[in-house]
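Overview (structure and organization)
Chain by chain, the residues run as shown.
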Amino acid sequence: MEKLAIDGGSGILERSNYKNWPVITDDDRRLVNDVLESGIVAGGTAPQVSALEKEWAAYTGAKHCLTTCSGTAALHMALAATGVGPGDEVITSAFTFLASASCAIHQNAIPVFVDIDPRTYCIDPDKLEAAITPRTKAIIPVDIQGCPCEKDKIMAIAKKHNLVVIEDSCQAHGALYKGKHVGTFGHVGAFSLNNFKNLCGGEGGLFITDDEDILNKGILIRCFGDEVDEETHRRKYNASILGYMYRNQELPAAHARAQLMHLDELNAVRIENAEYLSRELAKIPGVIPPYCPPDCRHVYFMYNVRFDPEAAGVKCEPRRFREAIEKALYKEGMLVGQWQTMPVPAQDLFQSKLGYGATGHPWSVNEAKGIKYDYSIENYPVAQMLCDTYTVIHGIHAPNGRDLMEKIVAVFQKVFGDLDTVLKHADDKIYPGGDAKLYGAS
Ligand SMILES: Cc1ncc(COP(=O)(O)O)c(C=O)c1O
């Protein structure tokens, strides 16, 4: 048996086996250079942001698109444009990025969390109705890690209760549910363009809708709520509604346009890498690869695996087992480690309910009326189980391919071939994780 790296042996992988994201081509160089040559670097209707809006609408099949400065801005703008306000409740998933919930707080609304489906890790539609109250105004389902959530069931429930649906598709550019792009099922779809994402602009966001009224409100909200004179096209410096500064700019938009030219081929690489890993890792008892629902295209923004000590044939508490495996994989040279470490409602912000100025607002709006918000972790057992047992395998993005995937499988086989040694090192001071440079950050 080959000695594990965690036990003094040599590792299988080196950092140089990993290639970084995003993949930069001559299209990025050309479009970014066009911006520099044009001398136009900003403006809500500037050439690159306008072209990106047209191209993203055409790509997804949405009627309208607005660029924003972040995915968070797109989500908040969506809540503001659909009339969500103080005291309204907004339902989202217990396993997501904070912004899916904090955008509701930014609108003085109150996030309500629903537990997740144990296979897709998306919001569990069968638990959705129990969370709806007379105060519920909107649902923000999330296509988590690139996996489309159950659009049909969610939309049917939303229709029955007359709720706004804002799809948080920030992690799922190009994902399809029954042949239709995620982000096009609800009233608004929101996407992030940050450096990690399948479609990258460095930073930025995209807001899509078929509804002209929502579009027009979005245009206002994106730029301070400021009216534009119809005849002169000049800003009136008269805000008709509350808005923000959520515009994108020319350089990130040009970069995102160039990336969009290659989105399908880059997603195809992720899918091929993910499917290969899933096929091979499923052969190792105790390793649970991610699930792709039928009739869906999962775009594997992140590639998760879960670990089950019982199936692996060892007696160990699941969280300890996951941490021990992560350490052993990491020491073999694999870039591996968790993303979210706890369900979102477990975060201090929700446990303490200290919002604006540490005042307890917005929860206090309804709590003053005797309504209680219970963010006890026991309410989200599936999200907690996931956080105990999952890890993210980094590097499945292009231009990484079969060479790296084969090495990753070899690392798994080596580590799972010597679990006694892995568990002996469970308390070693090792800190697994990816690295910022892998995703174009410093
Ligand atoms: C699910 C989800 N929602 C919202 C966001 C917010 O996007 P941004 O970072 O562009 O504001 C992210 C980004 O990390 C995300 O992953």
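Residues numbered from 1 in each chain as written. Predicted model: local features only at pLDDT ≥ 70, side-chain atom pairs only at ≥ 80, totals over all residues. Heavy atoms only, no water.

Some details on the overall build of the protein chain
Secondary structure assignment for the protein chain yields 15 helices and 16 strands. Relative to a compact globule of 442 residues, whose C-alpha radius of gyration would be 22 Å, the protein chain shows 23 Å and is just as compact. Over its C-alpha atoms, taken along the principal directions, the protein chain stretches across nearly 80 × 60 × 40 Å. Taking the contacts inside the protein chain whose residues are at least 6 apart along the sequence as the reference set, 72% of them involve residues at least 24 apart. Approximately 18300 Å² of the protein chain is accessible, and the part contributed by carbon and sulfur atoms is 52%. Between the centroid of the 45 positive side chains of the protein chain and the centroid of its 57 negative side chains there is a distance of 1 Å. (Helix = DSSP H or I, 4+ residues; strand = E, 2+ residues; numbered from the N terminus. Rg over C-alpha atoms; globule rule 2.2 N^0.38 Å. Contact = heavy atoms within 4.5 Å. Areas by Shrake-Rupley, 256 points an atom, 1.4 Å probe, with all protein chains shown as cover. Lys, Arg positive; Asp, Glu negative; His and termini not counted. Charge placed at Lys NZ, Arg CZ, Asp CG, Glu CD.)

Overview of the packing of helix H10 (residues 318-331) against helix H13 (residues 381-389)
Interaxial distance between H10 and H13 falls to 7 Å at its minimum, and their mutual angle equals 35 degrees. Contacts from Pro318, Arg319 and Arg322 in H10 reach Gln384, Cys387, Asp388 and Thr389 in H13. Grouping the amino acids of the contact of H10 with H13 by side-chain chemistry returns 2 nonpolar, 2 polar and 3 charged. (Axes fitted to C-alpha atoms, helices over the stretch in contact; angles between N-to-C directions. Nonpolar A, V, L, I, M, F, W, Y, C, P; charged D, E, K, R; others polar.)

With respect to the side chain of Thr68
Note that Thr68 resides in strand E1 (residues 64-68). According to the relative accessible area criterion, Thr68 is buried, its value standing at 0%. In terms of polar contacts, Thr68 uses its side chain to reach the backbone carbonyl oxygen of Ser70, at 2.8 Å. Every residue in contact with Thr68, bar those within four places of it in the chain, is listed here: Ala73, Ala74, Met77, Gly204, Gly205, Leu206, Phe207, Tyr246, Arg247 and Asn248. (Buried < 20%, exposed > 50% of the residue type's maximum accessible area, 1.4 Å probe, protein only. Polar contact = N/O pair within 3.5 Å; in protein donor to acceptor, adjacent residues only side chain to side chain.)

Focus on the domain arrangement of the protein chain
Partitioning the protein chain into structural domains gives domain 1 (5-19 + 264-340 + 385-439) and domain 2 (26-261). Distance between the C-alpha centres of domain 1 and domain 2: 31 Å. In this assembly, 24 residues from domain 1 lie in contact with 29 residues from domain 2. Looking at the side of domain 1 facing domain 2, the largest losses of area belong to Tyr291, Arg297 and Phe301, adding up to 27% of the total buried there. The interface formed by domain 1 and domain 2 holds 0 salt bridges in total. At the boundary of domain 1 and domain 2, one finds 16 residue pairs in polar contact (both at pLDDT 80 or more). Of all elements in the fold, only helix H8 (263-281), strand E13 (296-297), strand E14 (304-307), H13 and strand E16 (390-393) reach the threshold of two or more residues within the side of domain 1 that touches domain 2. The biggest single contributor to the side of domain 1 that touches domain 2 is H8, with 5 residues. (Domains from an automatic or database assignment. Buried area = accessible area lost by both parts, 1.4 Å probe. Salt bridge = Lys/Arg side-chain N within 4 Å of Asp/Glu carboxyl O.)

Here we look at empty space enclosed by the protein
Enumeration over the complete set of coordinates arrives at 3 cavities of 30 Å³ or more. What lines the largest cavity is Arg119, Thr120, Tyr121, Ile144, Gln145, Cys147, Pro290, Tyr291, His298, Met302 and Asn304. If you count residues domain by domain, the lining of the largest cavity takes at least three from each of domain 1 (5-19 + 264-340 + 385-439) and domain 2 (26-261). Approximately 50 Å³ is the volume found for the second largest cavity. Taken together, Arg270, Phe301, Met302, Tyr303, Val392, Ile393, His394, Gly395, Ile396, His397 and Tyr439 form the lining of the second largest cavity. For the lining of the second largest cavity, the per-class residue count stands at 7 nonpolar, 3 polar and 1 charged. (1 Å grid on protein atoms, 1.4 Å probe; cavity = no way out; pocket = protein on both sides within 12 Å on 5 of 7 lines; lining within 4 Å. Points joined across faces, edges and corners; volume = space filled by probe spheres on them.)

Some points on the pairing of strand E3 (residues 110-114)
Among the 5 residues in E3, 5 count as buried, and that is most of the element. Judged by which residues are buried, E3 turns out to be covered on both faces: Ile110, Val112 and Val114 on one side and Pro111 and Phe113 on the other are all buried.

As for the packing of helix H2 (residues 47-60) against helix H7 (residues 250-261)
Here H2 crosses H7 at 35 degrees, and the two axes come no closer than 8 Å. For the element pair H2 and H7, the recorded crossing hand is left-handed. Here Pro47, Gln48, Val49, Ala51, Leu52, Glu55, Trp56 and Tyr59 of H2 come into contact with H7, specifically with Glu250, Ala253, Ala254, Ala256, Arg257 and Leu260. Taken together, the residues that form the contact of H2 with H7 break down as 10 nonpolar, 1 polar and 3 charged. (Left-handed = near helix turned anticlockwise from the far one by under 90°.)

Topic: unusual backbone geometry
Across the junction of Trp21 and Pro22, the peptide omega takes the value 0 degrees, indicating a cis bond. Structurally, the position occupied by Pro22 is in the segment before helix H1 (26-38). In the segment running from His361 into Pro362, the intervening peptide bond is cis, with an omega of 15 degrees. Structurally, Pro362 can be placed in the loop between helix H11 (348-352) and helix H12 (363-367). With phi around 60 degrees, Gln145 is a residue other than glycine that occupies positive phi space. Mapping Gln145 onto the fold places it in the loop between strand E4 (136-140) and helix H5 (151-160). By relative accessible area, which is 3% here, Gln145 ends up buried. The backbone phi angle of Tyr237 is positive, close to 50 degrees, even though this residue is not glycine.

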